[in-house]
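Examining the three-dimensional arrangement
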Amino acid sequence: QVQLVESGGGLVQAGGSLRLSCTASGRTFSTLAMGWFRQAPGKEREFVARISRSDLMHYADSVKGRFTISRDNAKNTVYLQMNSLKPEDTAVYYCAADVIPRPTGWSQGNYDYWGQGTQVTVSS
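A short note on the nonpolar core
Counting 36 residues, the largest nonpolar core has Leu4, Met34, Trp36, Leu80, Met82 and Tyr93 as the members making the most contacts within it. For this core, the elements supplying multiple residues, two or more each, are β3 (18-25), β4 (33-39), β5 (46-51), β7 (67-72), β8 (77-82), β9 (91-98) and β11 (118-123). A per-element tally of this core places β9 first, with five residues.

What follows is the structure, encoded as structure tokens:
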């Protein structure tokens, strides 16, 4: 079992920044690939970013150049630095853990454990 706890969400004006954190427990963190997804009201959950065990990063086109995913294995934590935020970034953000890990991480089905989510609201 892996427990994931997100934090760092909140309300920010367009153009602002937020940093989300997700702390994991229950497994050796360095063996996990980690991802961030988001779900806006009335929409399906969508991929945002992923970081592999070897720090290989992938991003959705919609956030490329604005968001940065990183990890600190000593703190069992994955981060999502979000800059130049837009109202369309408003969503509940979820972190997820891939314990295998799979070769790709675009799909929700590639992850085994999920956090409870943290709300990010970007005002215009």
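From this point, the discussion proceeds with the structure in view.
Some thoughts on the packing of aromatic side chains
One pass over the full model with this rule turns up five aromatic pairs. The interplanar angle of 65 degrees and the centroid separation of 4.8 Å between the aromatic rings of Phe47 and Trp106 together place this pair among those described as edge-to-face. Pair noted here: Phe47 is in strand β5 and Trp106 is in the loop between β9 and β10 (113-114), with a separation of 59 residues, a long-range link. Classification of Phe47 as buried rests on a relative accessible area of 10%.

Looking at the pairing of β4
The side chains of a regular strand alternate, first on one face of the sheet and then on the other. When you tally the buried positions in β4, you get six out of seven residues, the bulk of the element. Pairing of β4 with β9 involves seven bridges; the strand directions are antiparallel. Looking at β9, one finds that Gln39 is bridged to Val92. For β4 and β5, the ladder comprises five bridges, and the chain directions are antiparallel. Bridge pairing in β5 links Trp36 to Ala49. Connecting the antiparallel pair β4 and β5 is a turn made up of six residues, with Gly42 showing a positive phi of about 75 degrees.

A few points about the state of the cysteines
Inspection of every chain in the model, using the stated rule, returns one disulfide. Note on cysteine connectivity: Cys22 is disulfide-linked to Cys95, with sulfurs 1.9 Å apart. Looking down the S-S bond of the Cys22 and Cys95 bridge, the torsion is 40 degrees, so its handedness is right-handed. Placement of Cys22 in strand β3 and of Cys95 in strand β9 is noted, with a sequence separation of 73 residues between them. Relative accessible area serves as the criterion here: at 0%, Cys22 is assigned to the buried category. Among the residues examined, Cys95 registers a relative accessible area of 0% and is labelled buried.

Let's talk about the sheet that holds β3
The four strands are arranged β1-β3-β8-β7 in an open sheet whose pairing can be described as antiparallel. Only two strands of the sheet have a single partner each, and these edge strands are β1 (3-7) and β7. In this sheet, neighbouring strand axes are inclined to one another by 15 degrees on average, regardless of whether the strands run parallel or antiparallel. Here β3 pairs with β8 via six bridges, running antiparallel. Bridge assignment links Thr23 to a residue of β8, and that residue is Thr77.

Conventions used here
- Along each chain, residue indices are assigned from 1 in the same order as the chain's sequence is written.
- Where local features are concerned, this predicted model is filtered to residues with pLDDT of at least 70; where side-chain atom pairs are given and counted, the filter is 80 or more; whole-chain, interface and lining totals use all residues.
- With hydrogens and water excluded, all non-hydrogen atoms of the structure serve as input to the side-chain values.
- Take the buried Ala, Val, Leu, Ile, Met, Phe, Trp, Tyr and Cys residues and link them wherever side-chain atoms come within 4.5 Å; each set so joined is a nonpolar core.
- Type-normalised accessible area, obtained with a 1.4 Å probe on protein chains alone, sets the label of each residue: buried when under 20%, exposed when over 50%, and partly exposed for intermediate values.
- Labels follow the DSSP assignment, with helices taken as runs of H or I lasting at least four residues and strands as runs of E lasting at least two, numbered in each case from the N terminus.
- Think of it this way: a Phe, Tyr or Trp ring, Trp meaning its six-membered ring, pairs with another when their centres are within 6.5 Å, and the plane angle makes it stacked under 30 degrees, edge-to-face over 60, tilted otherwise.
- Strands are treated as partners if at least two bridges between them are detected by DSSP.
- Put simply, a disulfide is two cysteine sulfurs that come within 2.5 Å.
- As a rule, the C-alpha atoms of each element are fitted with a line to give its axis, helices using only the stretch in contact, and angles between N-to-C directions run from 0 to 180 degrees.

Remember that the coordinates give geometry; whether it matters functionally is a separate question.
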